[in-house]
Structures are given as C-alpha cells and as structure tokens.
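# Summary of the model geometry
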Amino acid sequence: MRFDVFFQKIKTYVDLSPQAETAWAALLREKTYHKGDYFVTEGQTPKKVAFIVKGLLYQYYTADNGDMVVKYFFPENRIAGSMAATLTQTPGNFTIKALEDTQVLEYNFIEFKKLVGIYPDIAAFYIRYMEQHWIIEKEPYEVSLRYESAKTNYDIFLQKYPGLVKRLKKQHIAAYLGVTPTQLSRIFFANK
C-alpha cells in the first residue's frame, strides 16, 4: 500500500511542505481490519486514528436499553477515530468496527499532535479538517436528527454517503437515523 492516496486527500485541505509530508509519512502504518474486527472498543483509551484506503468502518455506542446507536460511517478517504476520547486520553464511549475488510493507514495521534506544533502546514490541515468535519458538517446533522422527519434524514443520509446504502445492512442505517428497521422499510418503500 502506498501513501499517495493519503497525501492526495490531505492536499485537498492544504499543501504540505516536503519536510512535513516526510515527517507525517514516518508515522503511517499499513494495517488491514477484517470484517467484524474492532479498531476501537468502548472503554478503551484510543491512541490512534486511521485513514480508510479501502473498506468501511462504523462508529457506534450501545444505549442503556441495549439499542445500537450509529454515530458515523467511515468509508474510503475518511479519517476514523474516537476523537473526544483520543483528544482527552480517556476511556471512550464508542466502538469502531469494520463492516467490510478494510485497509487503512493508521498513525499515533499523540505523535501527530507533536507534528502540529512543529509544522505550520500540518497545523493548518488540522484546523481546516476540524472546521469542516467537526463543525460545518456536524452542526446541521445534529439539528436535522432532532427536528426533521425520518424521510428527510434518510434523504440527507443519501446525499452525505452516496452509494453507501448498497454496502450497509438496514439495521445500520436505521441505527444511524434513530429509527426502527420497520420504519426504515417504510421509508425505502416510499422512495421507490
């Protein structure tokens, strides 16, 4: 596995100097997670994040009543991590698991943060990435899940994750939308 696809994605946020790219590349480790493997488990203090080269991970937690609540899907070209727990270095509430055989480039987040302090271009990437994915994308999603209909949220899901429906089980989509599989079946039927 080569690092080209990773740095092509990074460069959609910011141009990296050769020195910054070399330093970041030194942290990258190739790994494959097979379907059903865990990247992070609930209660674990995560140390790493992963760029998805090929495959699909998802992040979820189990509610007190036993229901699975899917927070996020990580298809190709996304960076996966349980970020609040990683940033605070505390045990997390989320599990990240492979839905398909998944090839990743993973790196130690604490070591990456050291690079943020050394290289202004890596710091610029970090800021732009957080702005885009943790603020700009996240805020409308949180509002829509609370105030929009399940059908509207499904349509938003289709826009956010084009082509992903074919790779997911209905239970995962339902857990992401906060509906039952029966309610989701009604939405599927209405969309045909």
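Since the structure is predicted, the reported quantities are computational estimates derived from the model, not experimental observations. (Residues numbered from 1 in each chain as written. Predicted model: local features only at pLDDT ≥ 70, side-chain atom pairs only at ≥ 80, totals over all residues. Heavy atoms only, no water.)

### Here we look at the sheet that holds strand β2 (residues 38–40)
Overall, antiparallel pairing links the 4 strands, which are arranged β2-β7-β4-β5 in an open sheet. One side of each edge strand has no neighbouring strand; the edge strands of this open sheet are β2 and β5 (68–74). When strand polarity is set aside, the average angle formed by the axes of neighbouring strands in this sheet is 30 degrees. Bridge count for strand β4 (residues 57–62) against β5 is 6 bridges, and the pairing is antiparallel. In the strand pairing of β5, Y60 is matched with V70. Strands in contact with helix α8 (residues 170–177) are β4 and β5; relative to β5, the strand with the most contacts, it is inclined by about 100 degrees. (Pairing = 2+ DSSP bridges. Helix = DSSP H or I, 4+ residues; strand = E, 2+ residues; numbered from the N terminus. Axes fitted to C-alpha atoms, helices over the stretch in contact; angles between N-to-C directions. Contact = heavy atoms within 4.5 Å.)

### A word on the pattern of salt bridges
Enumeration according to the criterion identifies 6 salt bridges in this entry. Of the charged contacts, one joins R167 and E76 as a salt bridge, the two residues approaching to 3.0 Å between their closest N and O atoms. Placement of the pair is R167 in the loop between α7 (150–160) and α8 and E76 in the loop between β5 and β6 (79–80), with a sequence separation of 91 residues. Salt-bridge contacts for K151 lead to D155; the nearest nitrogen and oxygen are separated by 3.1 Å. Separated by 4 residues within a single helix, K151 and D155 lie in helix α7, roughly one turn from each other. A relative accessible area of 34% places K151 in the partly exposed class. One continuous salt-bridge network, built from bridges that share partners, spans E76, E100 and R167. (Salt bridge = Lys/Arg side-chain N within 4 Å of Asp/Glu carboxyl O. Buried < 20%, exposed > 50% of the residue type's maximum accessible area, 1.4 Å probe, protein only.)

Remember, this is a structural readout, not a statement about activity or role.
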